[in-house]
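# Results of the structural survey
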Amino acid sequence: MAKGIILLAAGGTGGHLFPAEALAHELKERGWAVHLATDDRVGRFTGNFPASSIHTVGSATIGSKNPLALARALWAIWRGVRQASAFIARIKPEAVVGFGGYPTLPPVYAATRRKVPTLVHEQNAVMGRANRALAGRVDAIAGGFLPQGQGAFGDKTVTTGNPVRPAVIEAAATAYASSGAGEPFRFLVFGGSQGAQFFSDAVPTAIALLSPEQRGRLVVTQQARADDVGRVKAAYAELGVAAEVSPFFTNMAERIAAAHLVMSRSGASTVSEVAVIGRPALFVPYPYALDHDQAANAAALAAAGGAEVHPQSTLTPERIAELVGALMDDSPRLSAMAAAAKSAGKPDAARLLADLTEAIAARKSIETFRKEERA
């Protein structure tokens, strides 16, 4: 029989759901039943999510300054709060854990009104708007990159790192194997749900500028928007470069582990997974992120020596070719970056977050939790 129910709440994108999935697996192993509250975008990301039940919650993004649009959004969130309050009363969770995104607001807010213990996990180095709105009401804040003891909510912040899925822990067991002269060089390029188009436009053009010897070694795996897949595939075919191009890869952890070099956006989950697996990366922060959180996330791994950070505005195809070509010919540098990335990874983040969740469910104070973790 399960210890009780923990309700996880997350926006329906991979960046929010992947860490929630990692916590769900850890809690299930400890004997908890896990429920998930999310929105209707969730479909393709929940195949491996070990939830006993998934609750779809109404919500809305508060982005417009138009009074009518704002009123509609607030009304949708309030309807979601009433909806969430009803199923929270029915399933009686011991704690509710939010992972950001506006679909987190209704269930976590409803839980605070019902005096259910609550926790939010912030994946990024800069707190997102939904978590900021909830931070004053919840019992604890777990941070992927947020420092504890600093800022307005430092007294209830615990730096856990970002939980990574079991598939990532499994992939981390694969040691980095460098690619020497004349050997295949696996180059992984992806952009998440936002920002993949830049790579579709720039990377094939950059690859065309590499030497014939370098192109002959390349094996490219690239995520592209569905509308761009055809032209990106055609560009690589014309260059004679082996390439797999798709809008979505279900086994991304395995593909990161197989890569000699990663080029990607720097969302919190991506940075955390690349670090735990231990692969060298060229991070290109999404320039239109509201809080510039991606640049802050990437800076953490770059400071450890595991990645380079390049603003999109600086990356012409010529510059990309220069960066990739130089690294292809410098396997010692790539191996050193891989080792540095791995040293910065936090493979035990799911355990720490599960410990904090259980402490909150038991209504322990943050001070008590910190003492027990140090013991």
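The following refers to the structure shown. (Residues numbered from 1 in each chain as written. Predicted model: local features only at pLDDT ≥ 70, side-chain atom pairs only at ≥ 80, totals over all residues. Heavy atoms only, no water.)

## What about unusual backbone geometry?
Phi is positive for Lys-92, which is not a glycine, with a value near 50°. In this structure, Lys-92 sits in the loop between helix H2 (67-91) and strand S4 (95-98). The exposure class assigned to Lys-92 is exposed, which follows from its relative accessible area of 58%. The phi angle at Arg-363 is positive, at roughly 60°, despite the residue not being glycine. (Helix = DSSP H or I, 4+ residues; strand = E, 2+ residues; numbered from the N terminus. Buried < 20%, exposed > 50% of the residue type's maximum accessible area, 1.4 Å probe, protein only.)

## A closer look at the pattern of salt bridges
A complete count under the given rule lists 17 salt bridges for this structure. The shortest N-O distance in the salt bridge between Arg-30 and Glu-358 comes to 2.9 Å. Of the two residues, Arg-30 is situated in the loop between helix H1 (14-29) and strand S2 (33-38) and Glu-358 in helix H14 (residues 349-361); the sequence distance between them amounts to 328 residues. Of the charged contacts in the structure, one is a salt bridge between Arg-351 and Asp-355, with a shortest N-O distance of 2.9 Å. One end of the pair, Arg-351, and the other, Asp-355, are both in helix H14, four residues apart, so they sit about a helical turn from each other. (Salt bridge = Lys/Arg side-chain N within 4 Å of Asp/Glu carboxyl O.)

## Notes on helix H10 (residues 268-277)
Counting buried residues in H10 gives ten out of ten residues, a clear majority hidden from the surface. Turning to H10, its buried residues are Ala-268, Ser-269, Thr-270, Val-271, Ser-272, Glu-273, Val-274, Ala-275, Val-276 and Ile-277. With its phi angle positive at about 85°, Gly-278 sits one or two positions after the end of H10.

## Remarks on the side chain of Thr-357
Along the polypeptide, Thr-357 turns up in helix H14. We classify Thr-357 as buried; its relative accessible area is 1%.

## Observations concerning the layout of surface pockets
Reported here for the second largest pocket is a volume of approximately 260 Å³. Considering the residues around the second largest pocket, the lining is formed by 16 residues, among which Ala-167, Glu-170, Asn-251, Ala-253 and Glu-254 are closest to the centre. With five residues, the top contributor of residues to the lining of the second largest pocket is helix H9 (residues 252-258). The class makeup of the residues in the lining of the second largest pocket is seven nonpolar, five polar and four charged. (1 Å grid on protein atoms, 1.4 Å probe; cavity = no way out; pocket = protein on both sides within 12 Å on 5 of 7 lines; lining within 4 Å. Points joined across faces, edges and corners; volume = space filled by probe spheres on them. Nonpolar A, V, L, I, M, F, W, Y, C, P; charged D, E, K, R; others polar.)

## Quick look at the packing of aromatic side chains
Scanning all chains against the criterion turns up two aromatic pairs. Ring centres of Tyr-286 and Tyr-288 lie 5.6 Å apart, and the angle between their planes is 80°; this geometry places the pair in the edge-to-face category. When the ring centre of Phe-18 is taken as origin, the NZ or CZ atom of Arg-165, which lies over that ring, is 3.9 Å away. Taking the ring centre of Phe-199 as reference, the NZ or CZ of Arg-265 above it sits at 5.0 Å. (Phe/Tyr/Trp six-rings, centres within 6.5 Å; stacked < 30°, edge-to-face > 60°. Lys NZ or Arg CZ within 6 Å of the ring centre and 35° of its normal.)

## Remarks on the environment of Leu-218
Checked against the element boundaries, Leu-218 lands in strand S9 (residues 218-223). Sequence-wise, Leu-218 and Lys-3 are 215 residues apart; in three dimensions their C-alpha atoms are separated by 51 Å.

## Structural notes on the sheet that holds strand S8 (residues 185-190)
Here we have six strands laid out as an open sheet, ordered S10-S9-S8-S11-S12-S13, and parallel in their pairing. Every interior strand has two partners, whereas the edge strands, strand S10 (242-246) and strand S13 (307-309), have only one. For this sheet the average axis-to-axis angle between neighbouring strands, irrespective of direction, equals 15°. Alignment of S8 against S9, held across five bridges, turns out to be parallel. Directly across from Leu-188, in S9, lies its bridge partner Thr-221. The strands that helix H13 (residues 331-344) touches are S8, strand S11 (261-264), strand S12 (281-283) and S13; relative to S13, the one it contacts most, it runs at about 95°. (Pairing = 2+ DSSP bridges. Axes fitted to C-alpha atoms, helices over the stretch in contact; angles between N-to-C directions. Contact = heavy atoms within 4.5 Å.)

## Quick word on the pairing of S10
As defined by bridge partners, S9 adjoins S10 across five bridges and the pair is classed as parallel. Residue pairing across strands places Gln-222 opposite Val-245, the latter belonging to S10. Handedness of the β-α-β unit built from S9, helix H8 (residues 229-239) and S10 comes out right-handed. (Right-handed = clockwise from strand over helix to strand, strands pointing away.)

## Examining the nonpolar core
By size, the foremost hydrophobic cluster in this structure holds 33 residues, and its most contacted members are Phe-187, Leu-218 and Met-263. Of all the secondary-structure elements, those providing two or more residues to this core are S8, helix H6 (196-207), S9, H8, S11, helix H12 (317-328) and H13. When sequence neighbours within four positions are dropped, the list of residues in contact with Leu-218 reads Phe-185, Phe-187, Ile-207, Leu-210, Val-241, Ala-242 and Met-328. (Core = buried A, V, L, I, M, F, W, Y, C linked by side-chain atoms within 4.5 Å.)

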